[in-house]
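# A look at the structure
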Amino acid sequence: MLDLHVHLLGHLDREATPENIGEFLDRAQALGLKQIGFADHDTYWENLNFELIRKRAKDYPQLQVRVGLEVDYREGKEEEINKMINSYPFDYIIGSVHQIGDWCFDFSEEEPKHWQWEADDLYRAYFRLVEKAAASGLFDIIGHLDLIKIYKVRPRTDVRVLAARALEAVKDCDLVLEINTNGRYKPVQEFYPEYKLVELASRMEILFTLGSDAHAAPYVGRDIKEACQWLNELGVKKIVGFKERRMEKFDLQDV
Ligand SMILES: [Zn+2]
Ligand SMILES: [Zn+2]
């Protein structure tokens, strides 16, 4: 098993200390994870301490500890983002869409606004940005592909149709899709992306990685086994980790 999406700093309610890092790594070790990747939000840049993670990782020789970043894709800010991600030797970069224009749509106080949209328009506006993020060439992984469903607004059109171009961009640009288990603990109560999108992506031969989106150590690896079962059912054979921005493929049976 692997978990490439954990937030050491949580929602900035914690600092990067050897103790905090140790809690995450202890949990990963107890679960028998093969690889764990820290991917804090780029918006917390000032508080991040990548070298401390690398240093602490030396105390866990049996764990592959990776340092990544979850970057908020902002249209028109590609150059800025590029500079940031090239300023440190990351193992991987997750590109995520959390905002449409200036609207940070996944904050809980923003839920009422979701219902003011025509649902298909909301999905189209969101997936247009995911497609741009995927095509930007900035990222290795696309995070929580269908995050826009978070408050359970469902489109009238089949979500596979609405997501098609974003998935094509993921495929064409050799990006990896994560199954992010955290959606189960949001109002929508299901993984990102939902099963039929995972199925479609697997038919397109898009590669997958796994992430719990844990914002605290006890949630590391949560439901990752179940995500592996989905992939097994769909006949997926390989799962992808990263090192120095290069893919590392593992047999799904072994992880
Ligand atoms: Zn995110
Ligand atoms: Zn996250």
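The present account deals with the structure reproduced in this document. (Residues numbered from 1 in each chain as written. Chains lettered and ligands numbered in written order. Predicted model: local features only at pLDDT ≥ 70, side-chain atom pairs only at ≥ 80, totals over all residues. Heavy atoms only, no water.)

Below, the discussion takes up the overall build of the chain. Per the secondary structure count, the chain includes 9 helices and 11 strands. Based on the C-alpha atoms only, the size of the chain along its principal axes is roughly 50 × 40 × 30 Å. Counting the 255 residues in the chain, one finds 56% classified as buried. Pairs at least 24 apart in sequence give 76% of the contacts found in the chain among residues at least 6 apart. For the chain, the computed accessible surface area is about 11,400 Å², with 46% contributed by carbon and sulfur atoms. For the chain, the centre of its 34 positive side-chain charges and the centre of its 46 negative side-chain charges are spaced 3 Å apart. (Helix = DSSP H or I, 4+ residues; strand = E, 2+ residues; numbered from the N terminus. Buried < 20%, exposed > 50% of the residue type's maximum accessible area, 1.4 Å probe, protein only. Contact = heavy atoms within 4.5 Å. Areas by Shrake-Rupley, 256 points an atom, 1.4 Å probe, with all protein chains shown as cover. Lys, Arg positive; Asp, Glu negative; His and termini not counted. Charge placed at Lys NZ, Arg CZ, Asp CG, Glu CD.)

Coordination of the zinc ion (ligand 2) by the protein comes from His 5 (NE2), His 7 (NE2), Glu 70 (OE) and Asp 213 (OD), over a distance range of 2.1 to 2.3 Å. One way to put it: the 4 donor atoms around the zinc ion (ligand 2) meet at angles of 83 to 171°, and that makes the site irregular. The sequence pattern describing where the donors of the zinc ion (ligand 2) fall on their chain is H-x1-H-x62-E-x142-D. Between the zinc ion (ligand 2) and the zinc ion (ligand 1), both coordinated by Glu 70, there is a metal-metal distance of 3.5 Å. Taken as a pair, His 7 in the loop between strand E1 (2-6) and helix H1 (18-31) and Asp 213 in the loop between strand E9 (207-211) and helix H9 (224-233) lie far apart in primary sequence, 206 residues in all. Comparing His 7 with Asp 213 shows no difference in burial state: the two are buried. (Donors = N, O, S within 2.8 Å, 3.2 Å for Na, K, Ca; no water. Tetrahedral: all angles 85-135°; square planar, octahedral: opposite > 155°, others 65-115°.)

Around the zinc ion (ligand 1), the protein contributes the donor atoms Glu 70 (OE), His 98 (NE2) and His 144 (NE2), at 2.1 to 2.2 Å from the metal centre. Between consecutive donors of the zinc ion (ligand 1), the numbers of intervening residues give the motif E-x27-H-x45-H. By relative accessible area, His 98 is classed as buried at 8%.

For the rest of this paragraph, the subject is the packing of aromatic side chains. Overall, the coordinates contain 15 aromatic pairs when judged by the stated rule. Taken together, the ring pairs connect Trp 103, Phe 105, Trp 117, Tyr 123, Tyr 126 and Phe 127 into an aromatic cluster. We note Arg 222 situated over the ring of Tyr 185; from NZ or CZ to the ring centre the distance is 3.5 Å. (Phe/Tyr/Trp six-rings, centres within 6.5 Å; stacked < 30°, edge-to-face > 60°. Lys NZ or Arg CZ within 6 Å of the ring centre and 35° of its normal.)

We now examine H1. With 14 residues, H1 should reach 20 Å at 1.5 Å per residue; the first-to-last C-alpha distance of 20 Å fits that figure. Among the residues of H1, those classed as buried are Asn 20, Ile 21, Gly 22, Phe 24, Leu 25 and Ala 28. At its buried positions, H1 is contacted by E1, strand E2 (35-41), helix H2 (50-57) and strand E3 (64-72). One or two positions beyond H1, positive phi appears at Gly 32, with a value near 75°. (Expected span 1.5 Å × (residues − 1).)

Structurally, Ser 96 can be placed in strand E4 (residues 92-96). Excluding anything up to four places from it in sequence, Ser 96 contacts Glu 70, Val 71, Asp 72, Tyr 73, Gly 143 and His 144.

Right, let's get into the pairing of E4. Counting buried residues in E4 gives 5 out of 5 residues, a clear majority hidden from the surface. Burial along E4 is two-sided: Tyr 92, Ile 94 and Ser 96 facing one way and Ile 93 and Gly 95 facing the other are all buried. Where E3 and E4 come together, 5 bridges link them in parallel fashion. For Val 71, the partnering residue across the bridge sits in E4 and is Gly 95. Following the chain from E3 across helix H3 (residues 78-85) to the adjacent parallel E4, one finds a crossover that is right-handed. Relative to strand E7 (residues 141-142), E4 runs parallel, the two sharing 2 bridges. Along E7, the bridge assignment pairs Gly 95 with Ile 142. (Pairing = 2+ DSSP bridges. Right-handed = clockwise from strand over helix to strand, strands pointing away.)

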